Amino acid sequence: MSMEKKFVNSGIRKKDAMQLLLGKPLYTCDVTRKDALVVKLLRSPHAHALIESIDTSIAEKVEGIAAIYTYKDVPQKRFTLAGQTSPEPSPWDRLILDRRVRYVGDGVAIVAGETEKAVDMALRRIKVKYQVLEPVLDIHSALDNPVLVHPEEDWVSMLPVGADNKRNLVAHEVTSDGDVEAVMKDCEVTFQRTYHTKSCQQAMMETFRTYTEMDAYGRLHVVSSTQIVFHLRRIIANALDIPKSKVRVEKPRIGGGFGAKQTSVAEVYPAFVTWKTGRPARMVFSRKECQTSGCPRHEMEMTVRIGAMKNGHIRAIDLYTLSNTGAYSEHGPTTVGLSGHKSIPMYTGGLEAFRFGYDVVYTNMQAAGAYRGYGATQGIFAVETAVNELAEQLGLDPVKVREMNLLKEGMVMPAYYGEKANACALDRCLARASEIFGWAEKYPVRDMGNGKVRSAGVAMAMQGSCISALDVGSATVRLQEDGTYTLSIGAADMGTGCDTILAQIMADNMGCDVEDIAVFGADTDTSPYDSGSYASSTTYVTGMAVEKACTELKANLCVIGAEMLGCKAEEVEFTGEAVMKKDGSGEVSLADIANKTTIFNNTNVQVTASHSSPVSPPPYMVGMVEIELDKETGSVEVLDYKAVVDCGTPINPNLARIQAEGGIVQGIGMALSEDVTYDEKGRIMENSFFQYKIPTRLDMGRLQVEFEASYEPTGPSGAKSIGEVVINTPSPAIAHAVYRATGVWHRTLPITPEKVLMTKPEEA
Amino acid sequence: MEIKLTLNGKKITADVAPDLLLLDFVRDHGCLSVKRGCETANCGLCTVLMDGTPILSCSTLAVRADGHHVQTLEGLQEEAEDFAIFIADQGAEQCGFCNPGFVMNTIALLRENPDPTDEEIKAYLAGNLCRCSGYEGQLRGIRAYLNSRKGV
């Protein structure tokens, strides 16, 4: 028998690792035609304006220009670019091009030409007369502002998310459990703080890129760097106002996503050009466009009220989040929910009541989107910092305060849709992190005597493993005629390694080697339906679909084997290498079965299974950081970061570890250096990697990640998720350490040297 | 303008525009490992070797390569594979888009300094950004390769 688990919980190489490391041509620009039309956008210089007139006649005369389109040429039907299951919670507020431009960088005209030079020249020769309007550039004054970002009558919200375009409101909700005010009144300590996080950029190394062509059947074939092939097909069909059946979307290798490619940032423009001209087209975003016309994290301002006892018992949390979706609604109504639903439940152990309310507003700023953590990152910064503030105010050890209040396995979480924590090692994560970090020794502030101070900070985090009762994952498994298998998925491996991870799950289910499985994904014509790779869902949801498909395939192989052995299917079992009679009296090899499937066969050896989960089991994490703060310059150096993660069973511990390390470093960037600021005209100042400083190798000290396994009964081999939870601890942990070193709580990110140096304790 | 250069060992004569970047030139000549990640010489994705020295092809004109030897990852597969397998064993390639630039610079590092310390590795590769891995796994991979060479 060879059906024991061999590959799950094994750190094998990614199936595509060597191809990637050796630079093989695998990405959108590498695998598509070189002679495609170059597509670029003329972008608005104004944060809010109406196009009074637009003259493209001179631009059209530039040699090599194939087409120029303005708002007059596009379908007048609104849609959203958000990659979400239909009907999308994000209101339909976009046209491909609109007469009203709503942020600096909004599309004004599409130019397509034979060469980049011709396109650039044409862009300069389009004459636009704008009626410049007053912009909304402040989240506090956006709601019920007389200036409306979306006054149009055909704006539509498909779901009841509390949106009202006549109030600049994209979503509104208040949820609660227990009587927050009564519990607060009964508490010995109550306090309120406000925190602010910026619209950080995903900054994946491959910018947004899309290629489009007409295929042999007169359909639009889209090759794009995307996490969401199926949603993208619908979005493009909606935007172009054509049937979905006319669109095929395929993704090659993707140069990073982090949620950015869960929004159709680039696709509709070349798609429109190809649909109109019949010619292949390509759009490649510059880094500047990624920084200024992308889909960054939602800026949020969170006000936290905590009610507690002097011994550190946290009895009530009241959170209000004001989120800035920018000029368009993408992911606005959904990201905000996570700011409360993925922060408050961590204190289920002590909580008697909670309230969570939010408003999401339109402004004339860059439209936000999905970014790893998806609102949880923002909410966890606020709630975790508030808990650290509470502990420090009460003179208690923040680790002890957490031990007293945290969520434990078996508890029901009122602030997390009433779900039960079936697999939760948060307590063990905290204990283990304290041990490997040496919390007891490092928590006291140490003056190094050279103007530098060493201090420590702590934070916890949680996330989900899918969108419960919504996301669909599917897998098609097939026995090939030589006895090996194929696995076809609609999920998108964006570098995370899901192709390999799903193959590991399949290998253990089929009793075969990972090498014997060829993985293919994703293509809307040939892959089974999958919501896409987001919400940390691929391992947890699509992994279960793989298990289900394998179970069905094995049963079918037993039918064929029994037929060959001349007995009933109940009398045989599948061993991975053969179908054998349970009484040991005969067997037929997988190779022979495989061959038999090509000769007079009526049993399916290609099986598709789908999976959805009614729950979304949270992964958990504890992060502890030691910093060295230079009192002369205000600079903060991360010396040591220790993290312990509970992602259920890590299917591939190597890839899980890299996810954690990568997420932590992204989180450190958010905490210390990645800023987004606007000038008074609404222009983003950090429009390149010169100003937008993502961490380099030199910005990292020691990094150590460990796992505390739990077993999630609803996941494949006990797995939950890892992709997003890992970005959530650095901001609150580092803010805590900076307070310890300086006596100042920095409640607005990032905590730059300037801010550290210029803010005195009495001003905070 | 006509330029003559050696690209991955092959002599090439080409007529190029004076403002053509070396990055676009080598991609036009089939070296698709060379990637563009920014416009400001910040990310290191476009690193190639000119006469053995790592340079950023995004900020080098193709005409500057006239009379020189240019190498991309396409021409250094075996040298790269020697240590790349150790990075693969860490899972640190991730999305792969930064890999060619980072691998090219690692080749240059190891030629220059066959036994670097961790700090020397970090300093040499500081200009190669990666958004996926957090850098630690790449360092572990290079360290494992160096240890294997020493028989550790």
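Residues numbered from 1 in each chain as written. Chains lettered and ligands numbered in written order. Predicted model: local features only at pLDDT ≥ 70, side-chain atom pairs only at ≥ 80, totals over all residues. Heavy atoms only, no water.

Right, let's talk about the overall build of chain B for a bit. Looking only at helices and strands, chain B has five helices and five strands in total. Going from the N terminus to the C terminus, chain B shows its helices and strands as β-β-α-β-β-β-α-α-α-α. Scaling as 2.2 N^0.38, a compact globule of 152 residues should have a C-alpha radius of gyration of about 15 Å, and chain B matches this with 16 Å. A principal-axis box enclosing the C-alpha atoms of chain B has dimensions of 50 × 30 × 25 Å. Classification of the 152 residues of chain B by burial places 57% in the buried group. Long-range pairs, those at least 24 residues apart, make up 58% of the contacts in chain B with a sequence separation of at least 6. Total accessible area computed for chain B in this model is approximately 5800 Å², and 50% of it derives from carbon and sulfur atoms. Here chain B contributes 14 positively and 21 negatively charged side chains, and the mean placements of these two sets differ by 1 Å. (Helix = DSSP H or I, 4+ residues; strand = E, 2+ residues; numbered from the N terminus. Rg over C-alpha atoms; globule rule 2.2 N^0.38 Å. Buried < 20%, exposed > 50% of the residue type's maximum accessible area, 1.4 Å probe, protein only. Contact = heavy atoms within 4.5 Å. Areas by Shrake-Rupley, 256 points an atom, 1.4 Å probe, with all protein chains shown as cover. Lys, Arg positive; Asp, Glu negative; His and termini not counted. Charge placed at Lys NZ, Arg CZ, Asp CG, Glu CD.)

For the rest of this paragraph, the subject is the domain arrangement of chain B. All names here are of chain B. Domain parsing of chain B yields domain 1 (2-74) and domain 2 (76-150). Put simply, the middle of domain 1 and the middle of domain 2, counted by C-alpha atoms, are 22 Å apart. If you look at the interface, domain 1 gives 16 residues, while domain 2 gives 17 residues. Here domain 1 and domain 2 share an interface that buries about 1300 Å² over both sides, 64% of which is from carbon and sulfur atoms. (Domains from an automatic or database assignment. Buried area = accessible area lost by both parts, 1.4 Å probe.)

Moving on, we get to the pattern of salt bridges. Residues and elements named next belong to chain A. Within this structure, the stated rule accounts for 60 salt bridges over all chains. Residue lysine 261 pairs with glutamate 206 through a salt bridge whose shortest N-O separation is 3.3 Å. Of this pair, lysine 261 sits in the loop between β11 (247-250) and α7 (268-277) while glutamate 206 sits in the loop between β8 (189-197) and β9 (209-214), and the two are 55 residues apart along the sequence. Look at glutamate 206 and you get buried, because its relative accessible area is 0%. In this structure, aspartate 523 engages arginine 248 in a salt bridge whose closest nitrogen and oxygen atoms are separated by 2.6 Å. (Salt bridge = Lys/Arg side-chain N within 4 Å of Asp/Glu carboxyl O.)

Now for the sheet that holds strand β4 (residues 53-56) of chain B. Residues and elements named next belong to chain B. Spatial strand order, β2-β1-β5-β3-β4: five strands in an open sheet with mixed pairing. Only two strands of the sheet have a single partner each, and these edge strands are β2 (10-15) and β4. Going across the sheet, the axis of each strand differs from the next one's by a mean of 40 degrees, ignoring polarity. Pairing analysis gives four bridges linking strand β3 (residues 47-50) to β4, with the strands arranged antiparallel. (Pairing = 2+ DSSP bridges. Axes fitted to C-alpha atoms, helices over the stretch in contact; angles between N-to-C directions.)

Much of the literature gives interface size as the accessible area that the parts lose upon coming together. All names here are of chain A. Annotation of chain A at the domain level lists domain 1 (17-26 + 468-611) and domain 2 (37-133 + 202-293). Taking only C-alpha atoms into account, the centre of domain 1 sits 37 Å from that of domain 2. Of the residues lining the interface, 22 residues belong to domain 1; the matching set on domain 2 comes to 23 residues. Interface area, domain 1 with domain 2, both sides summed: about 1800 Å², of which 51% is carbon and sulfur.

Residue and element names in this part refer to chain A. Residue placement: serine 293 occurs in the loop between α8 (287-292) and β13 (299-308). Ignoring anything within four residues of it in the chain, the contact list for serine 293 reads Arg43, Tyr103, Gly105, Val265, Phe285 and Gln366. Within the structure, serine 293 has its side chain in polar contact with the backbone oxygen of glycine 105 (distance 3.2 Å). (Polar contact = N/O pair within 3.5 Å; in protein donor to acceptor, adjacent residues only side chain to side chain.)

Here the focus is the state of the cysteines. Under the defined criterion, the tally for this structure stands at zero disulfides over all chains. In this structure B:Cys95 is not part of a disulfide, and its nearest cysteine sulfur, from B:Cys132, lies 3.8 Å away. (Disulfide = S-S within 2.5 Å.)

All names here are of chain A. Between glycine 521 and alanine 522 the backbone carries a cis peptide bond, its omega angle lying at 5 degrees. When you line up the elements, alanine 522 lands in the loop between β22 (517-520) and α15 (538-565). For histidine 331, which is not a glycine, the phi torsion comes out positive at approximately 65 degrees. Of note, histidine 331 is situated in the loop between β14 (314-326) and α9 (332-341). You can call histidine 331 buried: its relative accessible area is 0%. One non-glycine residue with positive phi stands out, namely alanine 469, at about 55 degrees. Classification of alanine 469 as exposed rests on a relative accessible area of 62%.

With that settled, the discussion passes to the interface of chain B and chain A. Taken together, the 53 residues of chain B in the interface contact 56 residues of chain A. Interface area, chain B with chain A, both sides summed: about 4300 Å², of which 56% is carbon and sulfur. Three residues, B:Gln94, B:Phe97 and B:Arg131, lead the burial of chain B against chain A; their summed loss comes to 19% of the area buried on that side. Summed over the shared surface of chain B and chain A, the result is seven salt bridges. Where chain B touches chain A, the interface holds 27 residue pairs in polar contact (both at pLDDT 80 or more). At the level of secondary structure, the elements contributing two or more residues to the side of chain B that touches chain A comprise α1 (22-28), α2 (77-88), α3 (99-112), α4 (118-124) and α5 (136-150) of chain B. A breakdown of the residues in the side of chain B that touches chain A according to their chemical character gives 24 nonpolar, 15 polar and 14 charged. (Nonpolar A, V, L, I, M, F, W, Y, C, P; charged D, E, K, R; others polar.)

Counting buried positions over the 10 residues of α9(A) gives nine, a clear majority of the element. Those residues of α9(A) that sit buried are A:Gly332, A:Pro333, A:Thr335, A:Val336, A:Gly337, A:Leu338, A:Ser339, A:Gly340 and A:His341.

A separate point is the pairing of strand β3 (residues 65-69) of chain A. All names here are of chain A. Of all five residues making up β3, four are buried, and the element is well covered by its neighbours. Where β3 lies against strand β5 (residues 107-113), four bridges are found, and the strand directions are antiparallel. Its bridge partner being in β5, isoleucine 68 is matched across the sheet by valine 111.

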